[in-house]
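Single-letter residue listing:
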Amino acid sequence: MYNSVINFLNDTALKYPGNIAISDGDDEISYIEYKQAAQSIGTGLINALKGKGKNNTVAVYLPKSYKCLVSFMGVMYSGNTYIPIDTSMPLSRLEKIFQNLSPDIVITENGLTASLSECGMEDGKMLIYEKLIENEPDEYIIAKATGKVIDTDPIYIMYTSGSTGMPKGVVIPHRGVIDYINWVVEKFDINDKTIIGNQSPFYFDNTVLDI
């Protein structure tokens, strides 16, 4: 029985390493490239969060692209919890989310650090995707981190629209997504030939089906 959603990527990269995993219109990566890039992110996060244990919160503040999905998986490889954040949201809403969440780390890019600083994010908590991806994947520390994950641990936190004035984070466990994946694959007969188009933004819960 799987303890973490990351096992699905491990299995797929082993069975279909050269198949295209993600194409975002500008770039595309295979499953083995997806896994290796995510493990680079995971290794960097483990080193940055050394001594903090598991289930730390890692916000992903990047424009919609394959880099977001690599970051989500990278957070999982580090044994932590990812939070998709919309880069086009008003800074006032972003500030409210950060006040509620107080993320341990934010994965972002150089052009977005100024906005994060305006919302009170400390420089030491902002990690640049392009730098993280340079880490050499360390499968030993990744196996150690993912081995501590249990299926009731949170995989991600999705923030609501905040119609009452304050956005609220909804916490989803690995088990919920694992069961959902198994149901979707069987129900819609998904196989290695299936191509799924993603239209929903990554900060919208329905996008989990596509991922």
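Residues numbered from 1 in each chain as written. Predicted model: local features only at pLDDT ≥ 70, side-chain atom pairs only at ≥ 80, totals over all residues. Heavy atoms only, no water.

Visitor: Please clarify how the side chain of Ser 30 should be interpreted in this entry.
Guide: By the element assignment, Ser 30 lies in strand E2 (residues 28-30). By relative accessible area, Ser 30 is classed as buried at 8%. Of note is the side chain of Ser 30, whose polar atom sits 3.4 Å from the backbone oxygen of Pro 17. Beyond its immediate stretch of four places on either side in the chain, Ser 30 contacts Pro 17, Gly 18, Asn 19, Ile 20 and Ala 21. (Helix = DSSP H or I, 4+ residues; strand = E, 2+ residues; numbered from the N terminus. Buried < 20%, exposed > 50% of the residue type's maximum accessible area, 1.4 Å probe, protein only. Polar contact = N/O pair within 3.5 Å; in protein donor to acceptor, adjacent residues only side chain to side chain. Contact = heavy atoms within 4.5 Å.)

Visitor: Please clarify how helix H7 (residues 139-147) should be interpreted in this entry.
Guide: In an α-helix, one full turn covers 3.6 residues, which means residues spaced three or four apart are oriented alike. Listed as buried for H7 are Ile 141, Ile 142, Ala 145 and Thr 146. Relative to the axis of H7, the buried residues are bounded by an arc of 130° and lie together on one face. Set apart from the buried face of H7 by more than 90 degrees, the exposed residues are Glu 139, Tyr 140 and Gly 147. Put simply, Asp 138 is the residue that caps the front of H7, since its side-chain oxygen is 3.1 Å from the backbone nitrogen of Tyr 140. (Arc of directions from axis to C-beta.)

Visitor: What exactly am I supposed to notice about the pattern of salt bridges here?
Guide: Where charged atoms from two side chains of opposite charge come close, those side chains can pair. Enumeration over the complete set of coordinates arrives at six salt bridges. We note a salt bridge from Arg 175 to Asp 179, for which the minimum N-O separation is 3.0 Å. Here Arg 175 pairs with Asp 179, and both are found in helix H8 (residues 174-187), just four residues apart, close to one helical turn. Residue classification places Asp 179 among the partly exposed residues on the basis of a relative accessible area of 41%. Taking the shortest distance from any N to any O, the salt bridge between Lys 193 and Asp 192 comes out at 3.8 Å. Here Asp 192 falls in the partly exposed class, since its relative accessible area comes to 36%. (Salt bridge = Lys/Arg side-chain N within 4 Å of Asp/Glu carboxyl O.)

Visitor: How should I be thinking about the environment of Leu 132 in this particular structure?
Guide: Positionally, Leu 132 belongs in helix H6 (residues 129-132). With 61 residues separating them in the primary sequence, Leu 132 and Ser 71 have C-alpha atoms 9.5 Å apart. Aside from chain neighbours lying at most four places away, what touches Leu 132 is Ser 40, Ile 41, Gly 44, Leu 45, Ile 107 and Leu 127.

Visitor: Got a minute to help me understand the pairing of strand E1 (residues 20-23) in this structure?
Guide: The side chains of a regular strand alternate, residue by residue, between the two faces of the sheet. One ladder, built from three bridges, connects E1 with E2; its direction is antiparallel. Counterpart to Ile 20 in the pairing with E2 is Ser 30. Where E1 hands over to E2, the hairpin turn is made up of four residues, of which Gly 25 adopts a positive phi near 95°. (Pairing = 2+ DSSP bridges.)

Visitor: Explanation requested: the state of the cysteines in the structure shown.
Guide: Linking two cysteines covalently through their sulfur atoms gives a disulfide. On inspection of all chains with the given rule, the structure shows zero disulfides. Its sulfur unpaired, Cys 68 is 17 Å from the next cysteine sulfur, which belongs to Cys 119. Judged by its relative accessible area of 3%, Cys 68 falls in the buried class. Note on Cys 119: relative accessible area 10%, which makes it buried. (Disulfide = S-S within 2.5 Å.)

Visitor: I keep staring at the packing of aromatic side chains and nothing clicks. Help me out?
Guide: For the structure on display, the rule yields six aromatic pairs. Look at Phe 72 and Phe 202: their rings are 5.9 Å apart centre to centre, the planes differ by 80°, and that puts the pair in the edge-to-face class. Taken together, the residues span a long stretch of sequence, with Phe 72 in helix H3 (residues 66-77) and Phe 202 in the loop between H8 and helix H9 (207-210) at a distance of 130 residues. Like Phe 202, Phe 72 is buried. Look at Trp 183 and Phe 188: their rings are 5.9 Å apart centre to centre, the planes differ by 85°, and that puts the pair in the edge-to-face class. (Phe/Tyr/Trp six-rings, centres within 6.5 Å; stacked < 30°, edge-to-face > 60°.)

Visitor: Just checking my understanding: could you explain helix H4 (residues 91-101) for this structure?
Guide: Within the sequence span of H4, burial applies to Arg 93, Leu 94, Ile 97, Phe 98 and Leu 101. Taken down its axis, H4 places every buried residue within 135° of arc, on the same side. Packing partners of the buried residues in H4 comprise strand E3 (57-60), strand E4 (81-84), strand E5 (105-108), helix H5 (113-118) and strand E7 (154-159). Where H4 terminates, the next one or two residues include Ser 102, which has phi positive at roughly 50°.

Worth remembering: the numbers are spatial, not functional.
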